[in-house]
Amino acid sequence: MQSLIPKIESQLASLPVPVALQLPDGRRVAAAGSRVTLAFSEWSALAKLAGRQVGAIGEAYVEGKVQIEGAMRDLIDATVGLLPGNPAETDTGWWSRLQHLAKSRGSHSLRKDAAQIEFHYDVSDDFYALWLDPRRVYSCAYYATPDLTLAQAQEAKLDHICRKLMLKPGERYLDVGSGWGGLLLWAAEHYGVDATGITLSRNQHAHVQRLIEEKGLTGRVRVELRDYRELSAERPFDKISSVGMFEHVGAANMPTYFSKIHSLLAPGGLLMNHGITSGQLNYRQLGNGMGDFIEKYIFPGGELLHVTHVLRETAAAGLEIVDVESLRPHYARTLWAWSDALEAQLETARAVLRNGGSERQHANAERILRAYRLYLAGSAMSFEQGWIGLYQMVSTKPDGKVDHGTLRGAQSVYPFTRDHLYK
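Residues numbered from 1 in each chain as written. Predicted model: local features only at pLDDT ≥ 70, side-chain atom pairs only at ≥ 80, totals over all residues. Heavy atoms only, no water.

## Some details on the pairing of strand β6 (residues 194–199)
Where burial is concerned, most of β6 is hidden: five out of the six residues are buried. Across five bridges, the pairing between strand β5 (residues 172–176) and β6 is parallel. Each bridged residue has a counterpart across the sheet, and for D175 the counterpart in β6 is G197. Taken together, the five bridges between β6 and strand β7 (residues 221–225) define a ladder with parallel strand orientation. (Buried < 20%, exposed > 50% of the residue type's maximum accessible area, 1.4 Å probe, protein only. Helix = DSSP H or I, 4+ residues; strand = E, 2+ residues; numbered from the N terminus. Pairing = 2+ DSSP bridges.)

See below:
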């Protein structure tokens with residue numbers, strides 16, 4: 001292991017942020033003016049640093065084998081310098097593709113999807129409330145102007161989606177994966193729709209049900225603890241949104257997902273699909289161990305597809321794509337806002353995780369907190385660098401009526417202009 005020290009010292013010298021290392025034997029290796037310190041208790045973790053295996057170092061931190069001192073933003077700047085290049089995995093061989101598909105098929109049954117959602121979203125409502133906005137909107141905000149606060153940008157995002165869907169009073173509206181109800185309730189209160197949301201998280205379901213009752217929306221708004229595959233298409237919806245949902249669906253289930261959406265959408269209606277995508281054509285997760293870290297500690301079963309893959313599956317289901325918008329840097333700023341909010345109250349977050357929620361949370365409070373610290377800041381870095389993306393995709397279900405719409409041939413309520421967004 002001693003032979004690694006010169007290599008690591010050379011790596012430290014090239015980083016954009018000065019970093020110090022505390023070695024397992026007590027020695028200190030430091031760049032001048034160090035702003036970040038990594039203290040290693042095991043030589044094996046130090047070897048991962050020499051190999052630039054960022055995900056493995058993150059895992060060592062979560063498991064208590066590495067300690068981090070310093071600001072999270074400085075750590076992330078140093079991490080960018082440590083990586084050998086773009087961490088996107090680009091193995092496109094047939095065997096790799098077959099393995100990915102087999103894993104995807106085995107990871108997304110009704111039971112496994114429910115368990116995976118519970119793993120992430122049922123950690124603790126109070127924990128999420130510490131660093132999300134007051135509405136607990138857990139998806140990319142929309143910074144319509146640079147001076148917006150996180151709460152304002154989240155409200156701007158909710159309204160941006162509602163305007164894209166051209167919601168109108170009395171319309172039947174479905175939100176697939178409705179989270180803590182931010183979009184569902186915004187649409188009902190500001191646009192007068194008859195709204196239905198579905199979630200697999202028991203915590204989120206209970207939270208939204210309370211809000212519906214408190215706001216006097218019972219009868220016009222409902223939330224169901226249900227998988228999208230279990231929804232009945234007997235009464236189609238005029239408008240459908242899906243925000244932060246298809247990342248959990250899996251590549252193997254994309255045809256099922258979009259076919260189901262197609263069956264649930266009324267002819268001439270609109271779908272707004274919003275979610276994270278890969279930054280390159282042919283990979284499923286970030287390399288250098290980063291994707292493995294997220295799979296293990298944050299989003300088990302999550303899969304990223306390139307936007308072109310998502311659009312191909314959308315079209316294959318019989319939906320016409322009419323608008324695509326990238327919000328990638330908006331998500332970078334959103335994640336930094338979440339990260340900064342969490343970093344500002346680490347002791348409170350630690351206490352919340354130790355004293356409330358599930359048994360898993362009690363037993364693993366410190367591990368959960370460390371994982372989320374790295375996840376939020378690391379994801380912000382990935383969006384800034386363009387390694388992953390965020391798209392909103394609007395589609396229609398053509399009704400076959402050439403005379404229907406503001407323009408002949410529209411075959412839907414979509415006007416084929418963007419005036420409804422900006423006027």
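Now, onward.
## Side note on the environment of M166
As for its placement among the helices and strands, M166 is situated in the loop between α8 (150–165) and β5. Residue M166 is classed as buried on the basis of its relative accessible area of 15%. Along the sequence, M166 and V413 sit 247 residues apart, while their C-alpha atoms lie 8.5 Å from each other. Every residue in contact with M166, bar those within four places of it in the chain, is listed here: E171, K239, L270, V413, P415 and H420. (Contact = heavy atoms within 4.5 Å.)

## Overview of the packing of aromatic side chains
To describe a pair of aromatic rings, one takes the distance between the centres and the angle between the planes. One pass over the full model with this rule turns up 18 aromatic pairs. When the ring of Y228 is compared with that of Y257, the centres are 5.4 Å apart and the planes differ by 85°; the resulting orientation is edge-to-face. Within this pair, whereas Y228 is found in the loop between β7 and β8 (237–243), its partner Y257 is found in helix α11 (residues 254–264), the two being separated by 29 residues in sequence. Accessibility classification places Y228 together with Y257 in one group, the buried group. (Phe/Tyr/Trp six-rings, centres within 6.5 Å; stacked < 30°, edge-to-face > 60°.)

## A few points about the side chain of T396
By the element assignment, T396 lies in strand β11 (residues 388–396). For T396, a relative accessible area of 0% corresponds to the buried category. Ignoring anything within four residues of it in the chain, the contact list for T396 reads G269, L270, G318, L319, E320, V322, S412 and Y414.

## A closer look at helix α3 (residues 54–62)
In terms of burial, α3 is a largely internal element, seven of the nine residues being buried. Immediately downstream of α3, the backbone of G64 shows phi near 85°, a positive value.

## Structural notes on unusual backbone geometry
Residues apart from glycine generally show negative phi values, whereas peptide bonds are mostly found in trans. Positioned with a positive phi, Q411 is a non-glycine residue whose angle comes to about 55°. Structurally, Q411 can be placed in the loop between β11 and α18 (419–422). A positive phi is found at F416, a non-glycine position, where the angle reads about 60°. Its location among the elements puts F416 in the loop between β11 and α18.

## Points about the side chain of E171
Mapped onto the elements, E171 comes out in the loop between α8 and β5. Aside from chain neighbours lying at most four places away, what touches E171 is M166, V193, D194, D238 and K239.

## Focus on the sheet that holds strand β2 (residues 28–30)
Reading across from one edge, β2-β1-β3-β4 is the order of the four strands in this open sheet, with mixed pairing throughout. Across the chains shown, the open sheet's two edge strands, defined by having one partner strand only, are β2 and β4 (66–69). The sheet shows a mean angle of 15° between the axes of neighbouring strands, direction not considered. Strand direction decides the pairing type here: strand β1 (residues 19–22) and β2, joined by three bridges, are antiparallel. Residue pairing for β2: L21 is matched across the bridge by V29. (Axes fitted to C-alpha atoms, helices over the stretch in contact; angles between N-to-C directions.)

## Let's talk about the pattern of salt bridges
In this structure the tally under the stated criterion is 19 salt bridges. The salt bridge partner of K215 is E189, with a shortest N-O separation of 3.5 Å. Here the residue K215 occupies a position in the loop between α10 (202–214) and β7, and E189 occupies one in helix α9 (residues 182–191), the gap between them amounting to 26 residues. Owing to a relative accessible area of 38%, K215 belongs among the partly exposed residues under this scheme. With a relative accessible area of 39%, E189 lands in the partly exposed category. (Salt bridge = Lys/Arg side-chain N within 4 Å of Asp/Glu carboxyl O.)

## A closer look at empty space enclosed by the protein
Under the counting rule described, the total for this entry stands at one cavity of 30 Å³ or more. Reported here for the largest cavity is a volume of approximately 30 Å³. Forming the boundary of the largest cavity are K164, D323, V394, Y414, H420 and L421. (1 Å grid on protein atoms, 1.4 Å probe; cavity = no way out; pocket = protein on both sides within 12 Å on 5 of 7 lines; lining within 4 Å. Points joined across faces, edges and corners; volume = space filled by probe spheres on them.)

## A few points about the nonpolar core
In summary, soluble globular proteins display a tendency toward joint burial of nonpolar side chains. Core analysis: the largest hydrophobic core is formed by 71 residues, its most contacted members being L21, F127, W131 and Y372. Of the residues forming this core, the biggest block, eleven residues, is contributed by helix α17 (residues 365–385). Within the second largest apolar cluster, 29 residues are counted, among which are Y173, A195, L211 and V221. (Core = buried A, V, L, I, M, F, W, Y, C linked by side-chain atoms within 4.5 Å.)

## Notes on the confidence of the model for the chain
For the chain, mean pLDDT is 86; residues scoring 70 or higher make up 83% of the total. Across residues 92–105, where pLDDT falls below 50, the model places eleven contacts with residues more than four positions away in sequence or in other chains. Here residues 112–121 is modelled with pLDDT under 50, and outside its nearest four sequence neighbours on either side it reaches 36 contacts, counting other chains as well. (pLDDT = per-residue confidence, 0-100.)

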